[in-house]
Amino acid sequence: MIGLISATAAGAAARDRLAAAWPDRTRVYEGPAGEAIRTAFAECEQLVCFLATGATVRLLAPLLGDKAADPGVVCVDEGGRFAVSLIGGHGGGANELAYQVAELLGAEPVVTTATDAVGLTGLDTLGLPVEGAVAAVSRALLDGEPVALDAELAWPLPPVPFAEQGAYRVRVTDRDVQPGPQEVLLRPPSLVVGVGASKGAPVAEVLGLIEGTLREAGLSVRSVAELATVDAKSEEPGIVAAAERLGVPLVTYPADELASVPVPNPSDAPLAAVGTPSVAEAAALRRGGELLVPKRKSAAQPAMATCAVVRRPGRGRLAVVGIGPGARDLVTPRAAAELRRASVLVGLDQYVDQIRDLIRPGTRVLESGLGAEEERARTAVAEARQGHAVALIGSGDAGVYAMASPALAEASDDIDVVGVPGVTAALAAGAVLGAPLGHDHVSISLSDLHTPWEVIERRVRAAAEADIVVTFYNPRSRGRDWQLPKALAVLADHREPETPVGVVRNASRPDESVRLTTLAALDPATVDMMTVVTVGNTATRNIAGRMVTPRGYRWQHTPEEAR
């Protein structure tokens, strides 16, 4: 919960805007500011104080304890001009909250955390438990000193400018080891503990078995991702409580699924009790991995709990990102976040140039020229399979005549895939033309490099006969100069010569050009590969210099029906 505190009418107005926007995330604390801050500090994970920073600091000072546990605090000035991340920038999430508050209030975010200020990924913001000399290693990264990465496990980390060797080190491990004086340990959630238990097994016995097994195997409890068991034990109190105390989810599987998992130590007892010859080993292995610790029983007599430990490899992550038609403000916040998250970026060189300033230090950029689409798709998938966090970029929306389909044709279920939508060229062109896509519409690429012209022509004719607005992508190049005239001729068989046609070149970019003409007057020679051509249907009109396709609402034609 986010506590909201203000002291003046101006602050209260901004506070109430935030409360209205986030009704489920916020709680308003009324009364004197000092008392409100004390109460909110004890009750909330984060605070937004609509006060001067000096006053906020003085009120917070007596309350501060451990930065790992204190709430994150953002301070907004009375004029609503700045949202300042005051304390708990990383641990308390104040940096991210400052950006969110600033966006909502139209303010300027102020983040002074050193790593954030220079675009470095903070070691304590990687999403993994972290131990060791975080401050010293972070300072080494800021100073440009070499920091080596020792990844005992491949894991899809965000970008950090690691070196091959260095006096400082970041170690990715699930082993129960202590960090050195110039070392940071990152604990990936790589361990799955399968658990079986008799009815009424005490939580102390279940938890003691798990912790003891991990300790004896030299594994860190901080790398446990989940407990796993059979569905029949989903409400067994000892197992449920053990998961809660470890702070991990409890995952359960049907008995018939577990019965099909090959295990080294099947038993008749669980088969008779819950319908599978193995619970602990089978549940831990259900989604694959390496069995590190076979089934073990608790030391109690009789033993009421069993467990087994499996290490799952880190799954690579492929984000297919649409970066929009060219204008920076049409790159979505989600796309920008994925670009910052990726440790490997793959894309066409000219598209990489458009977003190069959004790439964080340490990101490995793999760029290539026109015609290498298949190579880029395979490269992106291969990098993800090696356990990296990969962003594959495409202009507009990556799923529209772009990189998503060839990449996903290469990908299998051994990597995680995220699609990030972008503003397409058709939408960008439509916005500057007016409202040409107000009713049914279709996009057709006129490039016959990969699609036979006979197929393209059949689709154009179908759209013409169906009276659908058509947007042509890839309309004309120096080597393909006859396809657009042919497509326009097909449409002309079904539409009047005066049918509006919109021609937009470099939509949303500084050299954008827009023309509104007609089907008869359009000169194909004025069109190139940077152009989007939108041909209206029989209802499309030129209204005040704008291309408009009526939606077809009945009230627009027969007002009496709306009454």
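Residue numbers restart at each chain and count upward from 1, following the sequence in its written direction. Under the rules for a predicted model, residues below a pLDDT of 70 receive no local features and side-chain atom pairs below 80 are neither given nor counted, while totals for whole chains, interfaces and linings still include all residues. Hydrogens are left out, water is left out, and the side-chain values use all remaining heavy atoms of the structure.

### Quick notes on the confidence of the model for the protein
Test applied: pLDDT expresses how confident the predictor is about each individual residue, on a scale running from 0 to 100. In this analysis, two residues are considered to be in contact whenever any of their non-hydrogen atoms come within 4.5 Å of each other.
Considering every residue of the protein, the mean pLDDT works out to 91; 97% of them sit at 70 or more. Predicted confidence is poor over residues 559-563, with pLDDT under 50, and the contacts of this stretch with residues over four places away or in other chains come to 2 contacts.

### Quick notes on the pattern of salt bridges
Operational definition: Should a side-chain nitrogen of Lys or Arg be within 4 Å of a carboxyl oxygen of Asp or Glu, the pair is scored as a salt bridge. Any residue under 20% of the maximum accessible area for its type is buried, any over 50% is exposed, and the rest in between are partly exposed; the area is computed with a 1.4 Å probe on protein chains only. Comment: elements are numbered from the N terminus, with helices defined as DSSP H or I runs of at least four residues and strands as E runs of at least two.
Taken as a whole and assessed by the stated rule, the structure comprises 29 salt bridges. When the shortest N-O distance is used, the salt bridge between D77 and R81 registers 3.3 Å. Overall, the relative accessible area of 17% leaves D77 in the buried class. Residue E152 is joined to R171 by a salt bridge in which the shortest nitrogen-to-oxygen separation is 2.5 Å. One end of the pair, E152, is in the loop between β8 (147-151) and β9 (168-172); the other, R171, is in strand β9, with 19 residues separating them in the sequence. Residues joined by salt bridges that share partners form a network here, namely R15, D16 and E30.

### What about the packing of aromatic side chains?
Aromatic rings in a pair are described by how distant their centres are and how their planes are angled relative to each other. Spelled out, the test is: Two aromatic rings, drawn from Phe, Tyr or Trp (for Trp, its six-membered ring), form a pair once their centres lie within 6.5 Å of each other, and the interplanar angle then sorts them: stacked below 30 degrees, edge-to-face above 60, tilted otherwise. Ring-over charges, as used throughout, are those where CZ of Arg or NZ of Lys falls within 6 Å of the ring centre and within 35 degrees of the ring normal.
Under the counting rule described, the total for this entry stands at 2 aromatic pairs. Ring centres of Y401 and Y473 lie 4.8 Å apart, and the angle between their planes is 55°; on these two criteria the pair is classed as tilted. Here Y401 is found in the loop between β19 (389-394) and α15 (404-410), whereas its partner Y473 is found in strand β23 (residues 469-473), with 72 residues between them in sequence. By relative accessible area, which is 10% here, Y473 ends up buried. A centroid spacing of 5.1 Å and a plane angle of 70° characterise the contact between W453 and W482, whose relative ring orientation is edge-to-face. Here W453 is found in helix α17 (residues 453-465), whereas its partner W482 is found in the loop between β23 and α18 (483-492), with 29 residues between them in sequence. Taking relative accessible area as the criterion, W482 reaches 41% and is therefore assigned partly exposed. In this arrangement the basic side chain of R25 is found over the ring face of W22, its NZ or CZ atom lying 4.2 Å from the centre.

### Here we look at the environment of G247
Following the sequence through the fold, G247 ends up in the loop between α8 (237-246) and β13 (250-253). Owing to a relative accessible area of 65%, G247 belongs among the exposed residues under this scheme. In this structure the C-alpha to C-alpha distance between G247 and E226, which are 21 residues apart in sequence, comes to 8.7 Å.

### A few points about the sheet that holds strand β21 (residues 434-435)
Convention followed: Pairing between strands requires that DSSP locate at least two bridges from one strand to the other.
Taken in spatial order, the 3 strands of this open sheet run β21-β28-β27, and their pairing is mixed. This sheet does not close on itself; its edge strands, each paired only once, are β21 and β27 (541-543). In the sheet, β27 pairs with strand β28 (residues 546-548) via 3 bridges, with the strands oriented antiparallel. Note on β28: the bridge partner recorded for R541 is V548.

### Some remarks on unusual backbone geometry
Put simply, Q301 and P302 share a cis peptide bond, and its omega is -5°. Within the element layout of this structure, P302 appears in the loop between β14 (290-297) and β15 (305-311). Phi is positive for N506, which is not a glycine, with a value near 55°. Positive phi is not limited to glycine here, since A544 has a value of about 55°.

### Topic: the side chain of T173
If you trace the backbone, T173 turns up in the loop between β9 and β10 (183-186). On the accessibility criterion, T173 (0% relative accessible area) is buried. Those residues in contact with T173, other than ones at most four positions away along the chain, are E152, L185, L186, R187, P188 and S223.

### Some details on helix α6 (residues 134-142)
Those residues of α6 not exposed but buried are V134, A136, V137, S138, A140 and L141. Packed against the buried residues of α6 are β7 (130-132), β8, β9 and β10. Just past α6, the residue G144 takes up positive phi, approximately 80°.

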